[in-house]
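# Per-entry structural report
The lines below spell out each chain.
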Amino acid sequence: MGFWKSGLITKFHKKIGIDIEQTLVDNAIYYLEIRHKLVHTGGYADEEFKKAHDLLKYTSNNKIKLDYCTICQAYEAVFHLVSDMDSKVISAGLAKNYAFL
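Sequence order as written defines the numbering, with residues in each chain counted from 1. Reporting in this predicted model follows two pLDDT cut-offs: at least 70 for local features of residues, and 80 or more for side-chain atom pairs to be given and counted; totals over whole chains, interfaces and linings ignore these cut-offs and use all residues. Hydrogens and waters are ignored; side-chain quantities use all the structure's heavy atoms.

## Let's talk about the packing of helix α2 (residues 22–40) against helix α4 (residues 68–91)
Two quantities define a packed helix pair, namely the angle between the helix axes and the distance between the axes. As a reminder of what qualifies: An axis is simply a line fitted to the C-alpha atoms; with a helix, the fit covers only the stretch in contact. Between two such axes, the angle follows the N-to-C directions and lies from 0 to 180 degrees. Numbering of helices and strands runs from the N terminus, with a helix taken as a DSSP run of H or I at least four residues long and a strand as a DSSP run of E at least two residues long. Angle categories are assigned with fixed cut-offs, so that under 35 degrees is roughly parallel, over 145 is roughly antiparallel, 65 to 115 is roughly perpendicular, and the rest are oblique. It is the rotation of the near helix from the far one that decides the hand of a crossing: anticlockwise by less than a right angle makes it left-handed, clockwise makes it right-handed. Here a residue-residue contact requires only that any non-hydrogen atoms of the pair lie within 4.5 Å. Here the nonpolar group is Ala, Val, Leu, Ile, Met, Phe, Trp, Tyr, Cys and Pro; Asp, Glu, Lys and Arg are the charged ones; every other residue, Gly included, is treated as polar.
Where α2 contacts α4, the axes come no closer than 8 Å and their chain directions differ by 135°. Here α2 is positioned oblique relative to α4, judged by the angle of their axes. The two elements α2 and α4 cross, and the hand of that crossing is left-handed. Residues L24, V25, N27, A28, Y31 and L32 of α2 form the contact with α4, whose participating residues are T70, Q73, A74, A77, V78, H80, L81 and D84. In terms of residue class, the contact of α2 with α4 is made up of nine nonpolar, four polar and one charged.

## Some thoughts on the pattern of salt bridges
Basically, it comes down to this: Between Lys or Arg on one side and Asp or Glu on the other, a salt bridge is scored when a side-chain nitrogen of the former is within 4 Å of a carboxyl oxygen of the latter. Burial here depends on accessible area, computed with a 1.4 Å probe over protein chains only, as a share of the maximum for the residue type. Under 20% is buried, over 50% is exposed, and the range in between is partly exposed.
A full pass over the atoms with the stated rule returns three salt bridges. Residues K88 and D84 are paired through a salt bridge, measuring 3.1 Å at the closest nitrogen-oxygen approach. One end of the pair is K88 and the other is D84, both in helix α4 and four residues apart, which spans about a single turn. Here K88 falls in the partly exposed class, since its relative accessible area comes to 21%. A relative accessible area of 16% places D84 in the buried class.

## Focus on helix α1 (residues 7–16)
Let me state the cut-off plainly: This arc is built from the directions going out from the helix axis to the C-beta atoms.
Restricting attention to buried positions, one finds in α1 the residues I9, T10 and H13. Down the axis of α1, the sector holding all buried residues measures 100°, keeping them to one side. Those residues of α1 that are exposed and aimed more than 90 degrees away from the buried face are L8, K11 and K15. Looking at the buried residues of α1, the elements they touch are α2 and α4. Of the residues flanking the end of α1, it is G17, one or two places downstream, whose phi is positive at about 80°.

Laid out in structure tokens, this is it:
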């Protein structure tokens with residue numbers, strides 16, 4: 001998968017003994033890669049990144065163009081991954097479920 005590997009997330013799952021939902025990981029990694037470029041390169045996208053993220057829009061100087069839809073999709077993908085991990089950790093008895101007020 002793209003620039004990032006899901007290695008850290010996979011190691012976390014294996015270490016604590018919970019099943020990984022690879023589709024959720026792959027969906028989130030796609031957007032985490034975008035976040036990485038925004039933070040560490042000021043949004044500059046090289047050709048390799050642009051090929052891996054060909055549905056994104058880019059400026060004439062190869063900067064990532066974000067729109068509301070992409071931001072919402074990123075939120076949803078990461079939220080679903082974290083929610084899945086959270087529920088599995090709680091179900092395994094490794095953490096308590098605290099409701100936020």
